[in-house]
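Spelled out from the first residue to the last, the chains are:
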Amino acid sequence: MFNKDDFKAVNAVRTLSVAQIEKANSGHPGLPMGASPMAYALFNKVLKANPKNPSFFDRDRFVLSAGHGSAMLYSLLHLSGYDISMDDLKNFRQIGSITPGHPEVGMTPGVEVTTGPLGQGIAQAVGLAAAEKHLAALYNKEDLKPIDHYTYVLCGDGDLMEGVSYEAMSLAGHLKLDKLIILHDSNDICLDGDLDTSFSESVKDRVLAQNWAYDRVEDGEDLEAILSAIEKAKENDKPTLIEVKTVIGFGSVNQGTNKVHGAPIGAEDFETVKKAYDWNAEDFVISDDIYQTFENGIAKRGKEANDAWDGLMKEYGEKYPEDYKELMAGINRELPENFLDQVRKYSYEDKALATRASSGEILQDLAQVSRNIWGGSADLFSSNKTDIKDSKAFRDESPEGRNIWYGVREFAMAAIGNGIMAHGGTFHHVSTFFVFADYLKAAVRLSALSHLPLSYVMTHDSVAVGEDGPTHEPIEQLAMLRAIPNTVVIRPADANETRLAWKVALESKDRPVVIALTRQNVPNLKETENLESIDKGAYIIKDSENPELILIATGSEVDLALESAKVLEEEGKAVRVVSMPSQELFKEQDGDYREKILPSAIRNRVSIEMGTSFGWGAFTGLDGLNISIDRFGISGPGGDVAKKLGFNVENIVKEIKDKFY
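As the structure is a computational prediction, the values presented were derived from the model and not from experiment.

**Remarks on the overall build of the chain**
Right, on to step 1. Looking only at helices and strands, one finds 24 helices and 18 strands in the chain.
Right, on to step 2. Taking 2.2 N^0.38 as the reference for a compact globule, 661 residues should give roughly 26 Å; the C-alpha atoms of the chain span a radius of gyration of 27 Å, in line with that estimate.
Right, on to step 3. For the chain, buried positions account for 62% of its 661 residues.
Right, on to step 4. Surface summary for the chain: the accessible area is close to 25,000 Å², and the carbon and sulfur share equals 47%.
Right, on to step 5. Placing the 70 positive and 102 negative side-chain charges of the chain at their respective mean positions leaves the two points 2 Å apart.

Listed below in structure tokens is the structure:
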């Protein structure tokens, strides 16, 4: 199967990778030097991908979870024919280049997900594989299968030490994601030294216990053995980890040590490496025969697969027009026009509902709008109200199921959700208690950095959680999530604002949306009955002629602000109340709109929110008052806790009068 041209191509990947690192004087040469054989075997002999059309939907997905080895990935992509030039490789790790220090989705053709934070690549790959399995169940027919591809991962020892990899692999094994294959670059070295300084478990026993298949290749230079293991893995009925024993920095005078992990090897050692590889070409010079090796491999195979899929989809559209239409709508992230008309509205005469409860009702209507909507919860469906009632759980025996039981795995849940969104084709939401945003913040950050429109539903959003006490009462979490660039946080006041929050989330194209919802019941506000949008982040919910005071509130505190305004007006004060469900959306509006809502001439401003005051100064100013909670919560009945911490009409009115009157 392999010949001298293949071994020459492997060494081209190696030397091109090291050349990038040497030119940049920055990077990680060890992984490319040791793992290039397995990466080459996968790319040029197995991977179904079209370098000339990287978005070909039924392509195999490849994830370099060990993202510090990015130079190897860029070398492979360039040689395979992706739109990455030799100049791009020469600009490795430089400002403005498409070859950054770690793989960034949307920046480099052929990069499927953003990696670098170890472990999250594995978790996102679980999401890619779950999305493939779910879409295949929804749309494949006996005679035509538009969704039929694999997800491959190359990971290192560090990935497997991260807790998120344990969480994600546990779920992958439980779900029998049989089209997920991990190549483990097992070199027994970590950044600080030998792996046995911090890790001694049996990877084989671990993955077998997690319901994975396991294989081992003893020699990471043996292309035949690597290819055979991959082909064998494709026949398994569960995910597979292939442990490939490699030598980090293969060919270097420091091979097999941590000295080659994360720093350039230097010109002298690079010459030693070239001799070991029998490489005589100048840096960044690749002969035509090497390009031809890749042209005859991945490029030819990928174009044929892409052409075949195009033909299949044409036939599929003719035979199954409704399925085709809905599949393409999912791929293009489109919902029916005026889809919100199919979602219930609420009257102020309706019974008070927790926004988590109204959100659950709204979700049932949305689920009828498109079968591409699905989601999951971290063992909190009954509390988050995020399950789709008329659907099964997503399992091996029911992959069409629209509810992923993520279990108590908050971090992995969010990272897997990122993978689902990176795959494309569906709308996905994940959910947990708001205070546990701390567990999954790193994945929310990656959602934002990767421009992935994952929806986060986080319930039990304030100290009104009550009896569960300080550990479960969020204080700083709103500010934390609001601080993440390219993230929208929405804290709706009632059922109708919640309805519109879901609209924002589902219409998002390139950023995550966090919806923070109450545990306690809140009234349906008369003022929101005809509300058509919260897209601008804030609006005047109650006004007075020539207002002298502005109350700004979010979530359950909007009703509190309205009630406080009534008392103040009875005492002759002219009060405007602003509902601000999203600070981020409001900040994005033009100056005229912001001035309309918060006139600069009105300096008497009050924010009312059951969380930290951090960030509210941007809206209340130096002369303003922030009624907030800059301490941890207390345990007790929710209403009593809120009152004790100052969130009742009597105290709010007193604080306002003490400050301004």
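**A closer look at the UniProt feature "domain: Transketolase-like pyrimidine-binding" (unreviewed entry) in the chain**
Right, on to step 1. On the UniProt side, "domain: Transketolase-like pyrimidine-binding" (unreviewed entry) is annotated at positions that read residues 353-524 here.
Right, on to step 2. Between the end C-alpha atoms of residues 353-524 the distance is 7 Å, and the span holds 38% helix and 16% strand.

**Digging into unusual backbone geometry**
Right, on to step 1. With a phi close to 65 degrees, aspartate 188 is a non-glycine residue in the positive phi region.
Right, on to step 2. When you line up the elements, aspartate 188 lands in the loop between β3 (180-186) and β4 (189-190).
Right, on to step 3. Accessibility expressed as a relative area gives 38% for aspartate 188, which makes it partly exposed.
Right, on to step 4. Look at phenylalanine 284: it is not a glycine, yet its phi comes out positive at around 65 degrees.
Right, on to step 5. With respect to the helices and strands, phenylalanine 284 occurs in the loop between α10 (267-276) and α11 (288-319).

**Quick word on the pairing of strand β11 (residues 455-459)**
Right, on to step 1. Counting buried positions along β11 yields 5 of 5 residues, so the element is predominantly enclosed.
Right, on to step 2. Of the two faces of β11, the one carrying Ser455, Val457 and Thr459 and the one carrying Tyr456 and Met458 are both buried.
Right, on to step 3. Pairing between strand β10 (residues 427-433) and β11: 5 bridges, direction parallel. Residue pairing across strands places phenylalanine 433 opposite threonine 459, the latter belonging to β11.

**Examining the sheet that holds strand β18 (residues 625-627)**
Right, on to step 1. Strand order in the open sheet formed by 5 strands is β14-β16-β15-β17-β18, with mixed pairing between adjacent strands. Edge positions in the sheet fall to β14 (539-542) and β18, since each of these pairs with one other strand and no more. Put simply, the sheet's adjacent strands are angled 25 degrees from each other on average, direction ignored.
Right, on to step 2. Note: strand β15 (residues 549-553) against strand β16 (residues 575-579), 5 bridges, orientation parallel. Within β16, the residue paired with leucine 551 across the bridge is valine 577.

**Let's talk about the packing of helix α2 (residues 30-45) against helix α9 (residues 223-233)**
Right, on to step 1. For the pair α2 and α9, the least separation of the axes is 9 Å and the interaxial angle reads 55 degrees. Between α2 and α9, the interaxial angle falls into the category oblique. Along this stretch, α2 crosses α9, giving a crossing that reads as right-handed. From α2, Pro37, Met38, Ala41, Leu42 and Lys45 reach across to α9, where they touch Leu223, Ile226, Leu227 and Ile230.

**Some thoughts on the packing of helix α13 (residues 355-369) against helix α18 (residues 495-507)**
Right, on to step 1. Closest axis-to-axis distance for the α13/α18 pair is 9 Å, and the angle between their directions is 50 degrees. Considering their axes alone, α13 and α18 lie oblique with respect to each other. In this structure, α13 meets α18 at a crossing whose hand is right-handed. Contacts between α13 and α18 involve Thr355, Ser358, Ser359, Ile362, Leu363 and Leu366 from the former and Ala495, Thr498, Arg499, Trp502 and Leu506 from the latter.
Right, on to step 2. Broken down by class, the residue content of the contact of α13 with α18 amounts to 6 nonpolar, 4 polar and 1 charged.

**Re the side chain of asparagine 648**
Right, on to step 1. By the secondary structure assignment, asparagine 648 is in the loop between α23 (638-644) and α24 (649-660).
Right, on to step 2. Each residue touching asparagine 648, except ones within four places of it in the same chain, is listed here: Leu560 and Lys643.

**Brief notes about the side chain of threonine 151**
Right, on to step 1. Structurally, the position occupied by threonine 151 is in strand β2 (residues 151-156).
Right, on to step 2. Other than its neighbours up to four places away in sequence, threonine 151 contacts Arg61, Ala125, Leu128, Ala129, Lys179, Leu180 and Ile181.

Parameters at a glance
- Residue numbers run consecutively from 1 along every chain, following the written order of its sequence.
- pLDDT decides what is reported in this predicted model: residues at 70 or higher carry local features, side-chain atom pairs at 80 or more are listed and counted, and totals for whole chains, interfaces and linings draw on all residues regardless.
- With hydrogens and water stripped out, all remaining heavy atoms of the structure feed into the side-chain values.
- A run of H or I in DSSP becomes a helix once it reaches four residues, and a run of E becomes a strand once it reaches two; helices and strands are each numbered from the N terminus.
- Values of the radius of gyration come from C-alpha atoms, whereas the globule rule sets the reference at 2.2 Å times the count of residues to the power 0.38.
- For every residue, the accessible area obtained with a 1.4 Å probe (protein chains only) is divided by the maximum for its type, and the residue is called buried under 20%, exposed over 50%, and partly exposed between those limits.
- Accessibility throughout is a Shrake-Rupley quantity obtained with a 1.4 Å probe, and a residue counts as covered only by protein chains that appear here.
- In this charge count, Lys and Arg are treated as positive and Asp and Glu as negative; neither His nor the chain ends contribute.
- Every charge is mapped to an atom, namely NZ of Lys, CZ of Arg, CG of Asp or CD of Glu.
- UniProt positions are given in the numbering used here, feature names are shortened, and annotations may be inferred rather than shown by experiment.
- Two strands make a pair as long as DSSP finds a minimum of two bridges between them.
- The axes used here are C-alpha line fits, helices contributing only the stretch in contact, and every angle between their N-to-C directions lies in the interval 0 to 180 degrees.
- Orientation categories follow fixed angle ranges, with anything under 35 degrees roughly parallel, anything over 145 roughly antiparallel, 65 to 115 roughly perpendicular, and all other angles oblique.
- The hand of a helix crossing depends on one turn: near helix anticlockwise from the far one by less than a right angle means left-handed, and clockwise means right-handed.
- Contacts are assigned to residue pairs that have any heavy atoms within 4.5 Å of one another.
- Classification used: nonpolar for Ala, Val, Leu, Ile, Met, Phe, Trp, Tyr, Cys and Pro, charged for Asp, Glu, Lys and Arg, polar for all others including Gly.

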